[in-house]
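# Examining the three-dimensional arrangement
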Amino acid sequence: MLARIGLCVLAACALASASPAQQETDLLDRIAVTVGKNAITETEVLDEIRVTAVLNGDPLDFSPKARREAAERLVDQQLIRSDMKAVSYPEPENSEAERMLAEFRQQRFRSDGEYREALRQHGVGEEQLKAHLLWQLAALRFTDYRFRAGVPQPGEVLRRHLERESKDRAEVEAARQPASGDGRASGTRRDQPPPDERALPHGIDRQMADWLDQARQRTRIRFHEEVFQ
Amino acid sequence: MPHCFWAFFCGLALALVLRAELPDPRQHEGKTVAELRFEPDESQAAGELPLKPGAPFRVEDLRAALKILHASGRYSDVRATGRSVEGGVAVTIHTEPQWFIGRVDAEGPLKQEPTRGQAADASRLELGLPLYPDDLSQATNRILALLQRNGYYEARVEPVVTRDPAHGLATVKFAVAPGERARLYRPVVASGPGIDEDAVARATKWKGWLGWRQLTESRLHNGVQRIRNKYEKQDRLMARISVEGMDYDPARRRVVPRLAIVPGPKVEIRTEGADVPKKKLKQYVPIFIEQTVDRDLLVEGARNLRDYFQAQGYFDVEVEFEQHQPAPDQHDVLYSINLGPRQKLVHIEVQGNRYFDVGAIRERMFLQPAGRLRLRHGRYSERFVGRDEDAVKALYQSNGFRDVKVTTRTVPNYRGEAGDMAVMLTIDEGPQYLVSDFKIGGLESINPEEILPVLASIEGQPFSETNVALDRDFILSTYQSAGFPDAAFDWEMRPGSVPNEVEVAYKVTEGRQRLVRDVVITGMEITRPRLIRPVVRFTPGEPLSLRKMTEAQRGLYELGIFDKVDTAIRNPDGESDRKYVLYQIDEGHRYHIAGGIGAEVGRIGGSRTDFDAPAGATGFSPRANFDISRLHLWGLGHSLNFKSRVSNLQRRALLNYSAPRYRNVEGRNISVTALFDDSHDVRTFSARRWESSAQLSQKLSKATTMLYRLSFRRVTVDRNTLKIDPLLIPQLAQPARIGMLSSNLVHDRRDDPADSHKGIYSTVDLGLASNWFASGRSFARFLGRNATYHPFRRHFVLARNVQFGWLGPFRLKGEDPVQAIPLPERFFGGGSTSHRGFPDNQAGPRDLLTGFPLGGNVLLFHNTELRFPLLGDNMDGVLFHDMGNVFSRPGRLSFRVRQKDLTDFDYMVHAVGFGLRYRTPVGPIRIDLAYSMNPPRFIGFKGSRQDLLLGGGERAEQRVSGFQFFFSIGQAF
């Protein structure tokens, strides 16, 4: 009985795949989410699922829930990309992504064949994977740059130079003054301030999450629900 | 069998669904794009897309194409389908047009709380932005929430969308059926033992004489505030009152507010060492506003109290506080104030300044030495010292002195005087950083010559971030005016080759230029396009300038016929180059009605019929006025105005038709006026005037206006009110017909016409009455005025005003012999705006028999005022000197200060006085007391009109009182 049912299902699938509709029209791609004036297409969502599955070693899951989660990740990426455009920061080189990819291959797969098979099974090209790793690296670097205290913002470099110049001048002037009577050595630099909590990794994550929340509130984000059904 | 059927069916459905939901464009990767179609036809967009017929199909190109189309903002949805065909793949791109928000209105019987405008605003649909499917439901819910907050619990709101396909705009009208407004009911207090609910309900004042009042948002808020005030009066400053919910009873249509009240402890704030009025404590200790007591607020309170006492001269005051909680329900705060000696800030010295003079520095400082009348102890507090140091530092830093140091030192007992204090502000300027090299890149579409001469950070100029910010604002605003709304500015600097020099480089990223596609104006119900056209001057294809859009918006407001003008760009974020400029206007009300009552007090009294008090007696004149205007006639901004005024000195009715912007010329106005006036403002007679006039005014520049007027009037004098020698009546009091052509030049460069502090104001009025203009009398008239205002020592103003007038009767060939100018046309003067040594219109020649003023043919007045601060920020004082008079004829104009005899009035009368000015939003309220040093003496007549005619009565020497007072609104000149 079960075998007959299985045969019926297979027959139906075969019929569907061989139906003339395929020869007629296929959906190639469509807008899945809009983030401000930027759009994320449905195939990008699917690619995100594929690449993430390869990187995590998970099976492919195209369920509506998984697609929605992938779209949410892409929305975050889009918000970060928009912010990245606004400021200049040290962008990663292609070679760094290649190095990461090599490390990934070495850690996850026993042979090149196994690696290639995994890519084929997930429908992911190596360039796609490399681009994804490059993006991860860029996002990491940008986040670090943006939220870690002590990293100079644009325009700060000269400000520091000028401040140093002023301080030097003050020190020269101070050296000309007679030594103070309180026993302290002149020109003693103050102790370094305690490390800023913002610089700690968990602090950066928290700031990043807060910033993403705010950016989502500021930006008009629209999910085309028909894509996630 | 059924199992197999269902299995087959489910399998088929699953396969179809999976295939339909998961696009797989990679199956076509590398094939040739045999065909590229758009559904509907949007083939003009194809040129911008990377996907091209005949080229290999690439998934990345397809994605990019969809993104480009979406980014244009023209489509709400974009998808692509494909099919394999011979020779490759045929791609079809399907688009859904995007609609944009056009006019948004609310319709329905809403008058107030909320108004229709408030309901439309609550929708938060913004002109020009894309209209998404869920926007309407969200907007409707927002309007419903607003209505509910105002008691309309059964309201219905229905959005009606009308689409304008030509411009892609969707007009949204919310049809609002508010239903009956619910009434408030006795609130339920949800928490807190021992709370008297009756007292709470009474405090809200939600119940009036006629029962429970209707619910409005403001009434609910005010009720809660009143409960808070009630607790505050019981010293429960930390009381928390909140509305937890509103329970609506649809059967009774009433709402029961659920209140949560936490009274909190009684907070008593006391001071020792100095008395502080409770009002001041409330003002300075922020726990009253914040409704909580914590250390930070008390510290701030201590600082505020310190500043308060320092402002009063207790510069060494010390304020400390301590808190106690003697009982759970009691919280005491005690401020201990040690005032120290009272001092006076007598001197501020600025030292070390080389680049800026003392004046430039002092004008940025709050600290101020003591004055004789105002700030008797000077202005000093530690907060002001800090502010002044920061202000001076900012001044230097913005001019390149990056290392400037500003310190302040106080010197007690200055120059050995106990209680006197001086402040020494010492500036260590340090080196000035200069720009040694300047570069600007990225200027491609705009001629650098337009930008470079205005920049502040070019070679040789001081370097500061402030200057860079100014340059950035100027560059971006120039670009935005030229249609580059996305222009971006970046800059960098490097140390120069020598110390204290920097190299500055600006980089401009222009972005894409946006052009005007067309202008769409909505909301013109009766307004004619020809009225709008000269104001909103955009031509398709010209650069889209935000500045020009704003100027046009201001121009529309200046027409004075629109309540609201909104402007926006359609699809502002879309990548399309050509944009629609949108204007949404709300025409104002077409009728304006105003009424008012007032009164005048002054030397305006005295009987109309007897001859007592020719120099005026103190009188009171109540008045009422009523105005009605029909605005925006014919849709051209014209108006018809009726104005009337009735008092016991004057009856006046005026009908005026005004056509501003005649023939669409900016500043050219035409008006036609009909006037009836029956006035008794001159003590000598009552005159009736019927007048019609036509006037053309043209604004020549921002400060200069020219007026041309043709007037025709008939003037009669009521003989029963005449108080002059009967022999003069045929000469001066005959009915007269005057036709006059006049022109008036006004030059106004005052900073504030209602209360001028600097500037100049001049007028020249030239008129000619002749039989050419159907006039019964021929004369020329000149009246000129010039006033100047000179500020000095920050708050002082020296103001002066001179006024000269001349009337010259003449006779043209063929005309009757020269006739006297009738009484109502002669110059009368004296009073609050011309010469305060006289009551109103009491200057000049007088009737030798009765002593009443006759007016004259020449007038000359000169006023000088010293305006100075007196008390606080709103009370000023004025010392003034007025001189001048009305003279009988030009040859009799004299600067002589003594009256020759009782028949001589052609001399210069001088008056001095003191005045008070209290500043209000409508202008200063004015009280002037004047003393005339040489008021005129004259022979007056005591008796009735009968006595005058029959030679009876009594003649006696009289004089205009030396003391005069005036009370009015507005400066004298």
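Residues numbered from 1 in each chain as written. Chains lettered and ligands numbered in written order. Predicted model: local features only at pLDDT ≥ 70, side-chain atom pairs only at ≥ 80, totals over all residues. Heavy atoms only, no water.

## Quick look at the overall build of chain A
What chain A contains, in helices and strands, is nine helices and three strands. Starting at the N terminus and walking to the C terminus, you meet the elements of chain A as α-α-β-β-α-α-α-α-α-α-α-β. When each of the 229 residues of chain A is scored for burial, the buried share is 36%. Of all intrachain contacts in chain A linking residues separated by at least 6 positions in sequence, the fraction that spans at least 24 positions is 72%. Working note: accessible area of chain A is about 14000 Å², and carbon and sulfur atoms make up 52% of it. (Helix = DSSP H or I, 4+ residues; strand = E, 2+ residues; numbered from the N terminus. Buried < 20%, exposed > 50% of the residue type's maximum accessible area, 1.4 Å probe, protein only. Contact = heavy atoms within 4.5 Å. Areas by Shrake-Rupley, 256 points an atom, 1.4 Å probe, with all protein chains shown as cover.)

## Comments concerning the pattern of salt bridges
Counted under the stated rule, the structure contains 76 salt bridges over all chains. Between Arg 50 of chain A and Asp 47 of chain A there is a salt bridge, with the nearest N and O atoms lying 2.9 Å from each other. Taken together, the positions of Arg 50 of chain A and Asp 47 of chain A, both in helix H3 (residues 42-56) and three residues apart, correspond to about one turn of that helix. Per residue, the accessibility class of Arg 50 of chain A equals that of Asp 47 of chain A, and both read buried. Taking the shortest distance from any N to any O, the salt bridge between Arg 661 of chain B and Glu 666 of chain B comes out at 2.3 Å. Residues joined in a network through salt bridges with shared partners are Arg 836, Glu 865, Arg 867, Asp 882, Arg 917, Arg 926 and Asp 928 of chain B. (Salt bridge = Lys/Arg side-chain N within 4 Å of Asp/Glu carboxyl O.)

## Considering unusual backbone geometry
Residues and elements named next belong to chain B. The amide bond that connects Glu 39 to the next residue, Pro 40, takes the cis arrangement and shows omega of -10°. Examined against the element boundaries, Pro 40 turns out to sit in the loop between strand E1 (33-39) and helix H2 (59-71). Going from Glu 113 to Pro 114, the amide bond is cis rather than trans, its omega being -5°. As for its position among the elements, Pro 114 is in the loop between strand E4 (100-107) and helix H3 (116-122). For Arg 124, which is not glycine, the phi torsion reads 55° and is therefore positive. Considering the arrangement of structural elements, one finds Arg 124 in the loop between H3 and helix H4 (135-149). With a relative accessible area of 62%, Arg 124 lands in the exposed category. Although it is not a glycine, Asn 571 adopts a positive phi angle of roughly 55°.

## Digging into the sheet that holds strand E15 (residues 330-338) of chain B
Residue and element names in this part refer to chain B. The three strands are arranged E13-E15-E14 in an open sheet whose pairing can be described as mixed. In this open sheet, the two strands that pair with only one neighbour each are strand E13 (266-272) and strand E14 (318-327). Averaged over neighbouring strand pairs, the angle between their axes works out to 20° when direction is ignored. Across seven bridges, the pairing between E13 and E15 is parallel. Directly across from Thr 271, in E15, lies its bridge partner Tyr 335. Strand contacts of helix H9 (residues 295-311): E14 and E15, with the helix running at about 140° to E14, the strand carrying the most contacts. (Pairing = 2+ DSSP bridges. Axes fitted to C-alpha atoms, helices over the stretch in contact; angles between N-to-C directions.)

## Here we look at the confidence of the model for chain B
Residues and elements named next belong to chain B. With 94% of its residues at a pLDDT of at least 70, chain B reaches an overall mean of 89. Low confidence marks residues 11-20, where pLDDT is under 50. Its contacts with residues over four positions away, or in another chain, come to 14 contacts. Taken together, the chains of this predicted complex give a pTM of 0.74 and an interface ipTM of 0.74. (pLDDT = per-residue confidence, 0-100.)

## Section: empty space enclosed by the protein
Residue and element names in this part refer to chain B. Counting across every chain of the model gives one cavity of 30 Å³ or more. Its boundaries defined by the atoms lining it, the largest cavity holds a volume of some 40 Å³. What lines the largest cavity is simply Arg 228, Glu 232, Arg 236, Leu 237, Ala 239, Phe 288 and Gln 291. A class-by-class count of the residues in the lining of the largest cavity yields three nonpolar, one polar and three charged. (1 Å grid on protein atoms, 1.4 Å probe; cavity = no way out; pocket = protein on both sides within 12 Å on 5 of 7 lines; lining within 4 Å. Points joined across faces, edges and corners; volume = space filled by probe spheres on them. Nonpolar A, V, L, I, M, F, W, Y, C, P; charged D, E, K, R; others polar.)

## Topic: the pairing of strand E27 (residues 638-647) of chain B
All names here are of chain B. Where strand E26 (residues 617-633) meets E27, nine bridges bridge the pair, whose relative direction is antiparallel. Residue Ile 628 lies in a different strand from E27, and its bridge partner there is Phe 642. Hairpin connection between E26 and E27: a loop of four residues separates the two successive antiparallel strands, and Trp 634 in this loop has a positive phi of roughly 60°. Two strands pair when backbone bridges link them, and E27 and strand E28 (residues 650-659) are joined in this way by eight bridges, in the antiparallel orientation. The residue bridging Arg 645 from the neighbouring strand is Arg 652, located in E28. Hairpin connection of E27 to E28: two residues between the antiparallel strands.

## Side note on H4 of chain B
Residue and element names in this part refer to chain B. The terminal C-alpha atoms of H4 lie 21 Å apart, and with 15 residues this matches the ideal 21 Å at 1.5 Å per residue to within 8%. The inward-facing, buried residues of H4 abut H3, strand E5 (156-164), strand E6 (169-177) and helix H6 (217-233). At the exit of H4 stands Gly 151, carrying a positive phi of roughly 90°. (Expected span 1.5 Å × (residues − 1).)

## Brief notes about the pairing of E28 of chain B
Strand direction decides the pairing type here: E28 of chain B and strand E29 (residues 668-679) of chain B, joined by 10 bridges, are antiparallel. Bridging across to E29 of chain B, Leu 654 of chain B finds its partner in Leu 675 of chain B.

## Side note on the sheet that holds strand E17 (residues 405-412) of chain B
All names here are of chain B. Taken in spatial order, the three strands line up as E16-E18-E17 in an open sheet, and their pairing is mixed. The two strands at the open ends of the sheet, each matched to only one other strand, are strand E16 (344-351) and E17. Ignoring strand direction, the axes of neighbouring strands in this sheet form an average angle of 20°. Note: E16 against strand E18 (residues 420-428), seven bridges, orientation parallel. Directly across from Ile 348, in E18, lies its bridge partner Val 423. Relative to the sheet, helix H11 (residues 382-397) contacts E17 and E18, its axis offset from that of E17 by approximately 145°.

## Re helix H15 (residues 546-558) of chain B
Residue and element names in this part refer to chain B. Between its first and last C-alpha, H15 extends 18 Å over 13 residues, near the 18 Å set by a 1.5 Å rise per residue. Along H15, the positions that sit buried rather than exposed are Met 549, Ala 552, Gln 553, Gly 555 and Leu 556. An end-on view of H15 places all buried positions within 160° of arc, on one side of the element. Those residues of H15 that are buried are in contact with helix H14 (529-532), strand E23 (562-569) and strand E24 (578-587). Capping the start of H15, Ser 545 holds a side-chain oxygen 3.3 Å from the backbone nitrogen of Arg 547, two or three residues further along. Downstream of H15 by one or two residues, Gly 560 has phi in the positive range, about 75°. (Arc of directions from axis to C-beta. Polar contact = N/O pair within 3.5 Å; in protein donor to acceptor, adjacent residues only side chain to side chain.)

## Some points on the side chain of Arg 926 of chain B
Residue and element names in this part refer to chain B. On the secondary structure map, Arg 926 appears in strand E39 (residues 925-932). At 3.1 Å, the side chain of Arg 926 and the backbone oxygen of Ser 832 are in polar contact. Every residue in contact with Arg 926, bar those within four places of it in the chain, is listed here: Ser 832, Thr 833, Arg 836, Leu 916, Arg 917, Phe 966, Phe 967, Ser 968, Gly 970, Gln 971 and Ala 972.

## A look at the packing of aromatic side chains
Residues and elements named next belong to chain B. Taken as a whole and judged by the stated rule, the model has 25 aromatic pairs over all chains. Ring centres 6.3 Å apart and planes at 70° place the aromatic pair Phe 309 and Tyr 314 in the edge-to-face group. Tyr 314 shares its class with Phe 309; the two are buried. Relative to Tyr 506, the ring of Phe 438 lies with its centre 5.0 Å away and its plane at 90°, an arrangement referred to as edge-to-face. Remark: Tyr 506 occurs in strand E21 (residues 501-509) and Phe 438 occurs in strand E19 (residues 434-441); sequence separation between them is 68 residues. Within the aromatic cluster, the residues linked to one another by ring pairs are Tyr 284, Tyr 308, Phe 309 and Tyr 314. A cation over a ring is seen here: Lys 230 above Tyr 231, with NZ or CZ 5.9 Å from the ring centre. Sitting over the face of the ring of Tyr 185, Arg 254 holds its NZ or CZ atom 3.7 Å from the ring centroid. (Phe/Tyr/Trp six-rings, centres within 6.5 Å; stacked < 30°, edge-to-face > 60°. Lys NZ or Arg CZ within 6 Å of the ring centre and 35° of its normal.)

## A short note on a nonpolar patch on the surface
Residue and element names in this part refer to chain B. On the surface, Val 601, Phe 620, Tyr 918, Val 922, Ile 925, Ile 927, Leu 929, Phe 965, Phe 967 and Ile 969 cluster together to form a nonpolar patch covering roughly 960 Å² of accessible area. When contributions to the nonpolar patch are tallied by element, the ones reaching two or more residues are E39 and strand E42 (963-969). One can find Ile 925 in strand E39. (Patch = residues over 30% accessible without salt bridge, like charges linked within 9 Å, V, L, I, M, F, W, Y side chains within 5 Å.)

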